[in-house]
Amino acid sequence: MFNITIVCTVHKEIGSCNSIELYDIIENLRPEIIFEELTQKTYDEYYGIQDRKTLETSAIKMYRSINKVKHIPVVNLELSKDIDKKLKLATKHLKYRQLFNNLITYESKYGFKFLNSKHCDQIIEEMREFEELILKKHEKQSQLFQKCDKILDEY
């Protein structure tokens, strides 16, 4: 039987959410496989010739320099574009931006303990509920976002 552990992260280093903290989490888990939220194209950019980095890629590169591990990107490009469109629409609304800013404040202050907590889940749920209200106002884009949410829920 396999154990699967999902670690919620952010893409940019912010306060207590940084690559050293994530590396420590990964090192403690000692995974045999890492599935990372990247498209194949961005995976090639971050782990190929180019020297691009995110919080996750920095931590994973540190781990891979010491440990042999399979490493697989798991986001398709179409889904990534749909998420960007959804975020662009949602952030036009003041209440959504306030919720999002609260999320960032807690991420910075409490780091991965917050990101992987029920409190974080509650804030994200409140953001999703507000997204649904936005969708009712933007019926045309509603189908796109529902498709996006369905795919994300299947992950």
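Our structure is the block above this text.
Here we summarise the structure given alongside this text. On a predicted model such as this, the values are computed, not experimentally measured, just so you know.

1. Section: the overall build of the chain
Helix and strand counts for the chain stand at 7 helices and 2 strands. Seen in sequence order, the chain has helices and strands lined up from the N terminus as α-β-α-α-β-α-α-α-α. Here the chain, with 155 residues, has 34% of them falling under the buried criterion. In the chain, of all internal contacts separated by at least 6 residues, the share reaching a separation of at least 24 is 73%. With an accessible surface of roughly 10,900 Å², the chain has 53% of that area assigned to carbon and sulfur atoms.

2. Details of the pairing of strand β2 (residues 70–73)
Remember that side chains alternate between the two faces of the sheet whenever the strand is regular. Going residue by residue along β2, you find His71 and Pro73 tucked away on one face and Lys70 and Ile72 left uncovered on the opposite face. The pairing of strand β1 (residues 33–36) with β2 spans 4 bridges and is classified as parallel. Across the sheet, Ile33 pairs through a bridge with Lys70, a residue of β2.

3. A look at helix α3 (residues 55–66)
Counted at 1.5 Å a residue, the expected span for α3 with its 12 residues is 16 Å, and the 18 Å between its end C-alpha atoms agrees. The secondary structure elements touched by the buried residues of α3 are α1 (19–29), β1, α2 (40–47), β2 and α5 (94–115).

4. With respect to a negative patch on the surface
Together, Asp121, Glu125, Glu126, Glu129 and Glu132 line one region of the surface with negative charge. Secondary-structure assignment places Asp121 in helix α6 (residues 118–137).

5. Regarding the packing of aromatic side chains
Applying the stated criterion to the full structure yields 4 aromatic pairs. Between Tyr96 and Phe130 the ring centres are 6.5 Å apart and the planes differ by 25°, which places this aromatic pair in the stacked class. Of this pair, Tyr96 sits in helix α5 while Phe130 sits in helix α6, and the two are 34 residues apart along the sequence. An identical accessibility class is assigned to Tyr96 and Phe130; each is buried. The rings of Tyr106, Tyr110 and Phe114 are connected pair by pair, giving a single aromatic cluster.

Conventions and cut-offs
- Residues numbered from 1 in each chain as written.
- Predicted model: local features only at pLDDT ≥ 70, side-chain atom pairs only at ≥ 80, totals over all residues.
- Heavy atoms only, no water.
- Helix = DSSP H or I, 4+ residues; strand = E, 2+ residues; numbered from the N terminus.
- Buried < 20%, exposed > 50% of the residue type's maximum accessible area, 1.4 Å probe, protein only.
- Contact = heavy atoms within 4.5 Å.
- Areas by Shrake-Rupley, 256 points an atom, 1.4 Å probe, with all protein chains shown as cover.
- Pairing = 2+ DSSP bridges.
- Expected span 1.5 Å × (residues − 1).
- Patch = residues over 30% accessible without salt bridge, like charges linked within 9 Å, V, L, I, M, F, W, Y side chains within 5 Å.
- Salt bridge = Lys/Arg side-chain N within 4 Å of Asp/Glu carboxyl O.
- Lys, Arg positive; Asp, Glu negative; His and termini not counted.
- Charge placed at Lys NZ, Arg CZ, Asp CG, Glu CD.
- Phe/Tyr/Trp six-rings, centres within 6.5 Å; stacked < 30°, edge-to-face > 60°.

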